[in-house]
Each structure stands twice: as C-alpha cells, then as structure tokens.
Amino acid sequence: MKILLTYTSMTGRNEKIAKYLADYLKEKQAEVDLKQIIETDAFEMDQYDAIIVETYTYHDGDVPDEAEDFYDDLKDVDLSRTKFAVLGSSSKGHIHFGRAVDYFTMALNSANGEQVADSVKIDQDPDDDDFKRVRELGDRVLKSGEKFD
Ligand SMILES: Cc1cc2nc3c(=O)[nH]c(=O)nc-3n(C[C@H](O)[C@H](O)[C@H](O)COP(=O)(O)O)c2cc1C
C-alpha cells in the first residue's frame, strides 16, 4: 500500500509525530512518502492509495500560512479513489482547538476522498495515550488498503 504522509510543523511537534507514524506504517510493510505540505502537490495525490495530512493550527483557528496553497488546491482535486485521515497537534490554550484539522477533514471530504479514521487532535506534546491514538489512526489507514496488497 502506497501512503503519502504530508505534514507541517513550526516548532517540531507535528514533525516528531509524523516521523513516528511514518516509522509505524513502514514497520507494517506500507510504502510511505513523508513530505512537508509546502512541498506537496495536491494534484499528484491521486497516485497514492491513501493520504494522511498532519497540521498544527495557527492565527486563532486557521490553517498555517505555508499550508494555504495546498489547502486551496483541494477545491480543485478529485480524490474519489483515495482514502484519507487527518491529525495534528495544536493547543487547548488557544481558541478553536485544532480547527485546522477540521478544515482539512472537511476539504478532503469535499474533494470526494474517503475518510477512513476519525481525525485525531493532540494537545501540544503527545503523551502515551496520544501515541496510541496515532497508531490506531495508522491501523485504520492500513486496514482500508488491505485489498491493494
Ligand atoms: C501564534 C500562535 C497561534 C496559535 N493559534 C492556535 C489556535 O488558534 N488554535 C490551536 O488549537 N492552537 C494554536 N496554536 C498552538 C499550536 O498549534 C501548537 O503549539 C502546536 O503544537 C504547534 O505544532 P508544531 O510544533 O508542529 O509547530 C498557536 C500557536 C501560536 C504560537
């Protein structure tokens, strides 16, 4: 199964989680491309069996600046053959906790993608329970691709 894990991270939390999830998926024999959102072409996502988007939230509940172009392009892509999941660390200390996760979840659904796991929001640094939720998200993505193996 070929998975794109695309993430954005300013202070490193989401980068750390993305690397953890990529390693977990690879251990389970998935082929994983780990990329930053700013380097990801939304129009090439249909070549993957599944995509995972990971983002923090910025500017009072907004998508991070460097993820805006990618987010806007989702309006013009057709992901009708693509499974997806969304996660991200943000902070309950700010308003609209993790709302960029919600925006990406809605945008990928609107692009006809098939959401295969509930979106996961993490408050700041992940604890053991958060890592468990991250692995569970990964398991759901892998399960959705079983017919491709
Ligand atoms: C200026 C600023 C604005 C932020 N705004 C929000 C916000 O509106 N909602 C939210 O849930 N988190 C917000 N955060 C928290 C970040 O999303 C959180 O620190 C996240 O873990 C950073 O992830 P990273 O380490 O991958 O960059 C904000 C952080 C900063 C510095």
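What comes next is a walk through the structure. Just so it is clear, the model here is predicted, and its values are computed rather than measured.

Quick notes on the rules
Residues numbered from 1 in each chain as written. Predicted model: local features only at pLDDT ≥ 70, side-chain atom pairs only at ≥ 80, totals over all residues. Heavy atoms only, no water. Helix = DSSP H or I, 4+ residues; strand = E, 2+ residues; numbered from the N terminus. Rg over C-alpha atoms; globule rule 2.2 N^0.38 Å. Contact = heavy atoms within 4.5 Å. Expected span 1.5 Å × (residues − 1). Buried < 20%, exposed > 50% of the residue type's maximum accessible area, 1.4 Å probe, protein only. Arc of directions from axis to C-beta. Pairing = 2+ DSSP bridges. Core = buried A, V, L, I, M, F, W, Y, C linked by side-chain atoms within 4.5 Å. Polar contact = N/O pair within 3.5 Å; in protein donor to acceptor, adjacent residues only side chain to side chain.

1. Considerations on the overall build of the protein chain
In step 1: The secondary structure content of the protein chain amounts to four helices and six strands.
In step 2: Its helices and strands in sequence order give the protein chain the pattern β-α-β-β-α-β-α-β-β-α, from N to C terminus.
In step 3: On C-alpha atoms alone, the protein chain measures out to a radius of gyration of 14 Å, which is about the 15 Å that the 2.2 N^0.38 rule sets for 149 residues.
In step 4: Projected onto its principal axes, the C-alpha positions of the protein chain cover 40 × 35 × 25 Å.
In step 5: Looking at the protein chain alone, contacts between residues at least 24 apart form 81% of all its contacts between residues at least 6 apart.

2. Some words on helix α3 (residues 99-110)
In step 1: Here α3 is twelve residues long and its end C-alpha atoms lie 16 Å apart, about the 16 Å a rise of 1.5 Å per residue gives.
In step 2: Of the residues making up α3, those classed as buried are Ala100, Val101, Phe104, Thr105, Ala107 and Leu108. All buried residues of α3 lie within an arc of 170° about the axis, which places them on one face of the element.
In step 3: On its buried face, α3 sits against β3 (50-54), α2 (68-73), β4 (83-90), β5 (114-115) and β6 (120-123).
In step 4: Downstream of α3 by a residue or two, Asn112 has a phi angle that is positive, lying close to 75°.

3. Focus on the pairing of strand β1 (residues 2-7)
In step 1: Burial analysis of β1 places five of its six residues in the buried class, the great majority of the element.
In step 2: Relative to strand β2 (residues 31-36), β1 runs parallel, the two being bridged by six bridges. The residue of β2 that forms the bridge with Leu4 is Asp33.
In step 3: When β1 meets β3, the two strands line up parallel, connected through five bridges. Bridge pairing in β3 links Leu5 to Ile52.

4. A short note on the nonpolar core
What tends to happen in soluble globular proteins is that the nonpolar side chains get buried as a cluster.
In step 1: Core analysis: the largest hydrophobic core is formed by 23 residues, its most contacted members being Ile3, Leu21, Leu25, Ile52, Leu87, Leu137 and Val141.
In step 2: Counting residues per element, this core draws most heavily on helix α1 (residues 13-27), which supplies five residues.
In step 3: When near neighbours in sequence (up to four residues on either side) are disregarded, Ile3 contacts Leu25, Ala30, Glu31, Val32, Asp33, Tyr48, Ala50, Ile52, Val141 and Leu142.
In step 4: Core analysis: the next-biggest nonpolar cluster, separate from the first, contains 21 residues, Ile37, Val63, Val101 and Ala107 among them.

5. A closer look at helix α4 (residues 128-144)
In step 1: An ideal rise of 1.5 Å per residue puts 24 Å on 17 residues; α4 measures up with 25 Å between its terminal C-alpha atoms.
In step 2: For α4, the complete set of buried residues consists of Asp130, Phe131, Val134, Leu137, Gly138, Val141, Leu142 and Ser144. Angular distribution of buried residues about the axis of α4 spans 165°; they occupy a single face of the element. α4 presents Asp128, Arg140 and Lys143 as exposed residues on the side facing more than 90 degrees away from its buried surface.
In step 3: The inward-facing, buried residues of α4 contact β1, α1, β3, β4 and β6.
In step 4: A distance of 3.1 Å separates the backbone nitrogen of Asp129 from a side-chain oxygen at the start of α4, and that oxygen is part of Asp127.

6. Quick notes on unusual backbone geometry
In step 1: One non-glycine residue with positive phi stands out, namely Gln29, at about 75°.
In step 2: With respect to the secondary-structure elements, Gln29 resides in the loop between α1 and β2.
In step 3: A positive phi angle, close to 75°, is found at Asn112, a residue other than glycine.
In step 4: Tracing the sequence through the fold places Asn112 in the loop between α3 and β5.
In step 5: Looking at Asn112, the relative accessible area reads 49%, which means it is partly exposed.

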